[in-house]
Structure formats: structure tokens, C-alpha cells
Amino acid sequence: MAYLQRLGVPLRRVAMQSRVFAASYHEKVIDHYENPRNVGSMNKEDSDVGTGLVGAPACGDVMKLQIRVDGDGKIVDAKFKTFGCGSAIASSSLATEWVKGKTLDDAGEIKNTTIAKELSLPPVKLHCSMLAEDAIKAALKDYKGKQDKMESTC
Amino acid sequence: MKMHLRILGCVWKFVFHRTHVYNLSPRRCSHSPFSHLHHLPTSSLSLITPCHAYTTQPPGHSRPNICWKCDRDLDEGSRDDDGSRVKFLCPCDKRVVLPPSNTHTYFQIMDCPVSYRLNVEALKERFRQLQRQLHPDRFSTASPEEQEFSAGQSALVNRAYSTLLKPYSRGLYLLELNGLTIDEKDTLTDASGFLEEMWEVRESLDDAANTGDLAALLLLQTTNNANLKNISDEVAASFDSGDYTAAKECLARMKYFINIEESLKDRLDPPP
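Residues numbered from 1 in each chain as written. Chains lettered and ligands numbered in written order. Predicted model: local features only at pLDDT ≥ 70, side-chain atom pairs only at ≥ 80, totals over all residues. Heavy atoms only, no water.

The name recorded for chain B in an unreviewed UniProt entry is Iron-sulfur cluster co-chaperone protein HscB, from Geodia barretti. The UniProt entry for chain B carries the following text under Sequence similarities (unreviewed entry): "Belongs to the HscB family." (UniProt positions renumbered as here; feature names shortened; annotations may be inferred.)

As recorded in an unreviewed UniProt entry, chain A goes by Iron-sulfur cluster assembly enzyme ISCU, mitochondrial and comes from Geodia barretti. UniProt annotates chain A under Sequence similarities (unreviewed entry) with the comment "Belongs to the NifU family."

Next comes the structure, spelled out in C-alpha cells:
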């Protein structure tokens, strides 16, 4: 529940929303929504952190996904925070679980269709999984950009 | 044999009933109700809610602009009219409700100029006036056809009203009439710093709500209301100058301010 509060969900609405969710969302979405994994943030100035901040203009969602990469190019940690609907929260929560332990290239291979399939997202919510894929890509790009900059200044 | 004939009779009755007698069920449109408007690209019409497209006129009335009940020419006495005026009732008798239009935009239905700038009071008055005439309660003792037409008309007026009432949905509708939509598959990246700005507002909103800082919430609300007004002015100016791409970009930003507004309302005035 504390997570939900941090995610910007007023507690009074949670009980009401859970009922709606139960009827229309897959249980995996509800699980990620109620117990989101890896909520939080990292210092975006750290050189080993990549930050992806993306938005969906049609619904006004905004999603931040961050990765921490070790010296071998492996993602050792991931955090997210999303202001948006249950599917967007679940998609980004799942994305952080999946990128952890992957190499940068493997993380870049994660497709929105795989996320959507895992969460059994209905067609109208597919764009939430696209947003999560774009967030991963933006985080990877940000990290690579930082590394290129460091190399060029060395 | 008798049995077979009876079955055949039933099947015939069913087919006849569906295709010739009633033929009233609103069709799931395979094409837009606005496809007659040739200046509109068809791709632009996905968001426009189909307005009760009836496949044909009611029984025996294949001619448009003829009252389905009394055969009166509906254009009579309005020859100077270009046909854009929406007809809800037959002029012969105020109790005869016509089938809902599938050829008019919401602006025409609500008798408003096609513009983002809108007289809300006039819109409300038009809505009340139409519902006084068309509400299904007025037709509770009328024929099934008329009951269905009035329900269709009333629902169409409700949709037109609610779409035009809110600036954001009005803007989206106007955008669609001009061939543009905000695609839900679009992703905004933060080239302009706008998302970062929105992110910071959402974070401060959360912090203020979690610490119960009412003053901070009210300050956020004041700022957000000003932002909403500014962006609405920008949308209006873009539409005025015919710059629909700019209008689309402004509407995309407007959605973020609307979400913040709703979130603030939830915190400041939580639902019971």
C-alpha cells in the first residue's frame, strides 16, 4: 500500500479500483500494480546510470526507467516510477525485472509484444507495453551516450 | 409438408422482419458517418463516434429528406438552406421524431460554428433545448420506431454535447475533422524538457500529498490552472491560424496538465 501511495494512487481509490481491475485486468497486471517491483530512483548524474524518461501523449502517462550498469556491461540494477494507468505501471515494473542481469544488447532486444503477452494486455492497452519498451531503449541510449562522452573526454 | 411450410414461413418472416419492416438497428459502421464529407480524409475519422448510421430510411422510405411517417418534404420552406441544418423533428407535427442524422458533425448538431473557441452557455442552452424536444421520456407512449429514434437522437445529442463541452475533447474532435489524431502509439521523448518539467510537478505533488502540505498543493493547483489556461489559449491560436500540427502538439501537452489537475482534485477533495 505504501508503494501505491508513492506511485501517486490515493488509497481511498485503491479499493474501488481493485474491484474494477478484478473484472477487466489479468491477474499478472494486478499483481504488478499492487506489488510493483523495483520502484524508486537512482542518481541520474551517476556515470554508470542510464535514465529513460518517456511519455504517452494520448493518455498523458509519464514513465521513468533507470538502469545501473557494471564494468562488464551488465545491468546490475533497475528502478522505475510511472504516473499512469495500471497497465503502464505493470509494464514498467515487469521491464525492470527483465532487464536486471541482462547485457545492454540483450536488454535492447526486449520487445513490447513479449511484455504484452506476459501480462495478457488487451489490444487497447498495447501502447503501455510500447511505452515500457521505449523507456528501456531511452535508458540504454542515455547510458551509452554518457559512456561515449566519457571516452571522448579521456 | 405442413411442418416444412411453417418453418419456411417463420424463416421468411424473420428475414422480412429484419430487412424490410424494421431495419432500425444501428449499423456497426464499416465506413465513417462523415464519409460524405469529401474534404475529410478517411484516415482522420477513426475517433469520431459513429452517429447511428441507419442502413436505409424506415419502412418504405428510401428517399432522404422525406418524413418517414407523413411523407412531408423536410426541405420545404427552407430552400435557401444549404441542407446543413440538422432536422430532428418533422415540422408537420412536433411529435414525429426523425431518425438520427449520420451526415452531420457535432458542431452542426449543436448549432455551433466549427471552432475551438466556443460559447459554452449557448452550447448548454442548445443541449437543454434539444433534450426537451427529443428525450425518450417524451415518447414513452409513441410507436416503437419513434421510441428508438428518440433514444438515438437523445444519445447523439449527449455525445455531441459532451465532446464539445470540454476544451480537450473539443480540440481532439476538431483535429480529427482536419485529418489529424494523437496516436496512442506515439511516444514522447524529452527533447524539449517538457516531460522533465511534468515529472518534477508530479513528484512535488506526491511529496506534498504524502506530507499533507496543503499550501504546497494549492500552489501547485494555481500554477497548473494558469498552465491550463495558457495552453488552451495556444490551442485556440493554433486552430485560428490553421496550424493543426501546432494544435496537436499543444493538445498533447494539455493532456498532462489535465492529468495533474485531476490528481490535484483527488488529493484536495478526495471522493467519498
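That covers the picture; the talk isn't over yet.
For the rest of this paragraph, the subject is the overall build of chain B. When you go through chain B residue by residue, the secondary structure sums to 8 helices and 1 strand. Across chain B, helices and strands are ordered from the amino to the carboxyl terminus as α-α-α-α-α-β-α-α-α. Expressed as a percentage of the 272 residues in chain B, the buried residues total 39%. Long-range contacts, defined here as pairs at least 24 residues apart, represent 65% of the contacts in chain B between residues at least 6 apart. (Helix = DSSP H or I, 4+ residues; strand = E, 2+ residues; numbered from the N terminus. Buried < 20%, exposed > 50% of the residue type's maximum accessible area, 1.4 Å probe, protein only. Contact = heavy atoms within 4.5 Å.)

Attention now moves to the interface of chain A and chain B. At the interface, 29 residues of chain A touch 25 residues of chain B. Buried surface at the junction of chain A and chain B, summed over both partners, amounts to about 2,300 Å²; 59% is from carbon and sulfur atoms. Looking at the side of chain A facing chain B, the largest losses of area belong to Leu 53, Pro 57 and Phe 83 of chain A, adding up to 28% of the total buried there. Among the salt bridges present, the one from Glu 196 of chain B reaches Lys 44 of chain A, with a minimum N-O distance of 3.6 Å. Here chain A and chain B share 6 residue pairs in polar contact (both at pLDDT 80 or more) between them. (Buried area = accessible area lost by both parts, 1.4 Å probe. Salt bridge = Lys/Arg side-chain N within 4 Å of Asp/Glu carboxyl O. Polar contact = N/O pair within 3.5 Å; in protein donor to acceptor, adjacent residues only side chain to side chain.)

Strand order across the open sheet formed by 4 strands is β3(A)-β2(A)-β1(A)-β1(B), with antiparallel pairing between neighbours. A strand with exactly one partner marks an edge of an open sheet, and here the two such strands are β3 (75-83) of chain A together with β1 (188-189) of chain B. In this sheet, strand β2 (residues 61-69) of chain A lies alongside strand β1 (residues 49-56) of chain A in antiparallel orientation, the contact comprising 8 bridges. Each bridged residue has a counterpart across the sheet, and for Thr 51 of chain A the counterpart in β2 of chain A is Gln 66 of chain A. (Pairing = 2+ DSSP bridges.)

If you check UniProt for "domain: J" (unreviewed entry), the listed places come out as residues 105-177 of chain B in our numbering. Helix makes up 71% of residues 105-177 of chain B and strand makes up 0%, while its end C-alpha atoms are separated by 9 Å.

Residue and element names in this part refer to chain B. Summed over the entire model, instances satisfying the criterion amount to 8 aromatic pairs over all chains. Between Tyr 106 and Tyr 173 the ring centres are 4.7 Å apart and the planes differ by 15°, which places this aromatic pair in the stacked class. Pair noted here: Tyr 106 is in helix α2 (residues 106-109) and Tyr 173 is in helix α5 (residues 167-177), with a separation of 67 residues, a long-range link. On the basis of relative accessibility, which here comes to 1%, the residue Tyr 106 falls in the buried class. (Phe/Tyr/Trp six-rings, centres within 6.5 Å; stacked < 30°, edge-to-face > 60°.)

Residues and elements named next belong to chain A. In terms of burial, β1 is largely enclosed, as 8 of its 8 residues are buried. Neither face of β1 is exposed, since Val 49, Thr 51, Leu 53 and Gly 55 on one face and Gly 50, Gly 52, Val 54 and Ala 56 on the opposite face are all buried. Hairpin connection, β1 to β2: the antiparallel pair is bridged by 4 residues, and Gly 60 has positive phi, about 75°.

Residue and element names in this part refer to chain B. Tallied over the full model, the rule gives 16 salt bridges over all chains. One salt bridge in this structure joins Glu 125 and Arg 128, with 3.5 Å as the shortest N-O distance. Here the residue Glu 125 and the residue Arg 128 both occupy positions in helix α3 (residues 120-134), the gap between them amounting to 3 residues, near one helical turn. Glu 125 sits in the partly exposed class, given a relative accessible area of 38%.

What follows covers helix α6 (residues 112-119) of chain A. All names here are of chain A. Within the sequence span of α6, burial applies to Asn 112, Ile 115, Ala 116 and Leu 119. In an axial view of α6, the angular spread of the buried residues amounts to 95°, which keeps them on one side of the axis. Exposed side of α6, more than 90 degrees from the buried face: Thr 113 and Lys 117 are the residues found there. Among the structural elements, α3 (27-34), α4 (86-99) and α7 (126-153) are those in contact with the buried residues of α6. Where α6 ends, the next residue or the one after it, Ser 120, has phi of about 50°, a positive value. (Arc of directions from axis to C-beta.)

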